[in-house]
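Each chain, written out:
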Amino acid sequence: GGLMKLGAFDIYPLTDGRFRLDGGAMFGVVPKVLWQTCCPADDLNRIPLSLTCLLIRAHGKHMLVDTGLGDKENEKFRSMFAVERKPTLQESLSQHGLCRDDIHLVVNTHLHFDHAGGNTATDGRSAVAPTFPKATYYVQQTEYDDAMQANERTRASYRRDNFTPVAEANQWALLKGETELLPGVTAIVTPGHTRGHQSVKVESEGRVAFFLGDLIPTVSHLPLPYIMWYCLDPVQTLDSKRWVLERACEEHWLLLFEHDPYVQAGYVSKNVDGKYALQEVTL
């Protein structure tokens with residue numbers, strides 16, 4: 001990923017590689033006949049997705065939003081999700097001259113394994129510890145509670161070794177709603193995918209960027225009814241999405257996509273027929 005100046009801040013999309021998820025699950029009630037034109041599936045019906053994280057350099061601090069899949073999963077997992085971690089998040093950081101000790105804040109949009117997998121790593125003695133020893137980790141309290149009390153439907157997405165070692169190291173700061181994490185960098189609850197899902201809004205000198213997380217995972221999910229089956233409350237996702245897209249249009253927000261394999265960012269506008277279109281920005 002490149003670098004983008006956003007007012008006084010720098011933002012960099014970083015990658016932890018890519019993986020694949022079932023296309024039907026990614027598009028919910030939308031028939032395959034409609035989504036397969038933009039997202040062709042493989043012979044196991046999986047579509048390619050990126051694992052894009054965001055590095056924000058602001059006020060002399062380095063903030064990382066989401067941490068990808070990480071390196072703790074076994075071969076069965078890697079083959080099921082067609083994981084290709086080239087480059088890894090750590091390699092992406094080192095391309096910017098940074099190592100794990102340089103990260104001051106880690107924000108998780110939510111705690112699903114493809115967003116929080118890199119929170120922790122094995123320390124060489126097979127114990128799992130926080131990847132970023134000097135960072136405070138931020139997530140919504142409701143998200144943390146739901147991850148800890150995962151049910152039969154959500155358990156596969158929440159892997160405890162992605163978040164309990166952070167608790168054991170006393171590195172969690174659990175948020176209760178919208179919170180300014182640094183001046184101009186705000187965690188905003190965008191519920192629906194999960195109850196405590198949050199996005200990150202970055203504002204400096206009149207410029208705004210908005211990291212969507214799983215609210216709108218790819219550009220193909222811009223149409224309002226294109227909502228993942230993975231969303232626990234799709235009607236709430238719809239409300240969150242409508243709210244964000246209306247503001248993004250009116251206030252010229254740069255939208256940053258976490259899972260689109262080709263497009264990292266863009267500005268949205270509304271067509272004559274009320275549909276949203278993206279003007280891609282190359283970072």
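Look a little higher up for the structure.
The present account deals with the structure reproduced in this document. (Residues numbered from 1 in each chain as written. Predicted model: local features only at pLDDT ≥ 70, side-chain atom pairs only at ≥ 80, totals over all residues. Heavy atoms only, no water.)

### Looking at empty space enclosed by the protein
Left-over empty space is what a probe sized like a water molecule reveals as it rolls over the atoms. Scanning all chains against the criterion turns up one cavity of 30 Å³ or more. Forming the boundary of the largest cavity are Pro-13, Thr-52, Cys-53, Leu-54, Phe-211, Leu-256, Phe-257, Gln-264 and Leu-283. Examining the composition of the lining of the largest cavity, we find that three residues originate from one element, strand β3 (residues 46-58), more than from any other. Considering only residue class, the lining of the largest cavity consists of seven nonpolar, two polar and no charged. (1 Å grid on protein atoms, 1.4 Å probe; cavity = no way out; pocket = protein on both sides within 12 Å on 5 of 7 lines; lining within 4 Å. Points joined across faces, edges and corners; volume = space filled by probe spheres on them. Helix = DSSP H or I, 4+ residues; strand = E, 2+ residues; numbered from the N terminus. Nonpolar A, V, L, I, M, F, W, Y, C, P; charged D, E, K, R; others polar.)

### Looking at the layout of surface pockets
Estimates place the volume of the largest pocket at around 360 Å³. If you trace the largest pocket, you find 19 residues lining it, with His-112, Phe-113, Ala-156, Ser-157 and Tyr-230 closest to the centre. Broken down by class, the residue content of the lining of the largest pocket amounts to ten nonpolar, five polar and four charged. For the second largest pocket, the calculated volume is near 150 Å³. When grouped by side-chain class, the residues that make up the lining of the second largest pocket number nine nonpolar, one polar and no charged.

### Focus on the nonpolar core
If you look at the biggest cluster of nonpolar residues, it comprises 27 residues, and the most contacted ones within it are Ile-11, Ile-56, Met-63, Val-202, Leu-254 and Leu-256. Tallying contributions element by element places β3 first for this core, with three residues. In contact with Ile-11, other than residues within four places in its own chain, are Gly-2, Leu-3, Met-4, Leu-6, Leu-54, Leu-55, Ile-56, Val-202, Ala-209 and Leu-256. Core analysis: the second largest hydrophobic core is formed by 23 residues, Leu-14, Leu-111, Val-139 and Ala-150 among them. (Core = buried A, V, L, I, M, F, W, Y, C linked by side-chain atoms within 4.5 Å. Buried < 20%, exposed > 50% of the residue type's maximum accessible area, 1.4 Å probe, protein only. Contact = heavy atoms within 4.5 Å.)

### Structural notes on the side chain of Asp-10
Relative to the elements of secondary structure, Asp-10 occurs in strand β2 (residues 9-22). A polar contact of 2.9 Å, which involves the side chain of Asp-10, links it to the side chain of Lys-5. Look past the residues within four positions of Asp-10 in its chain and what remains in contact with it is Leu-3, Met-4, Lys-5, Leu-55, Ile-56 and Arg-57. (Polar contact = N/O pair within 3.5 Å; in protein donor to acceptor, adjacent residues only side chain to side chain.)

### Structural notes on the state of the cysteines
Following the criterion strictly, the structure yields zero disulfides and no others. With no disulfide of its own, Cys-38 lies 3.5 Å from the sulfur of Cys-39, the closest cysteine sulfur. By relative accessible area, which is 40% here, Cys-38 ends up partly exposed. (Disulfide = S-S within 2.5 Å.)

### Section: helix α6 (residues 141-148)
Within the sequence span of α6, burial applies to Glu-143, Tyr-144 and Ala-147. Projected down its long axis, α6 shows its buried positions confined to an angular sector of 100 degrees, all on one face. The elements touched by buried residues of α6 are β8 (136-140), α7 (164-168) and β9 (172-175). (Arc of directions from axis to C-beta.)

### Quick notes on helix α8 (residues 234-251)
With 18 residues, α8 should reach 26 Å at 1.5 Å per residue; the first-to-last C-alpha distance of 25 Å fits that figure. The complete set of buried residues in α8 reads Thr-237, Ser-240, Lys-241, Val-244, Leu-245 and Ala-248. Summarising the axial view, the buried residues of α8 lie within an arc of 125 degrees, below the 170-degree limit, and thus occupy one face. Residues of α8 that are exposed and point over 90 degrees away from its buried face: Val-235 and Glu-250. The positive-phi residue at the C-terminal boundary of α8 is His-252, with phi of around 55 degrees. (Expected span 1.5 Å × (residues − 1).)

### A look at the pattern of salt bridges
By the definition in use, this model includes nine salt bridges. Asp-10 is paired through a salt bridge with Lys-5; the nearest N and O atoms lie 2.9 Å apart. Taking the relative accessible area as the measure of exposure, Asp-10 reaches 13% and is therefore buried. Beyond isolated ion pairs, a larger network of salt bridges with shared partners links Arg-20, Asp-42 and Arg-46. (Salt bridge = Lys/Arg side-chain N within 4 Å of Asp/Glu carboxyl O.)

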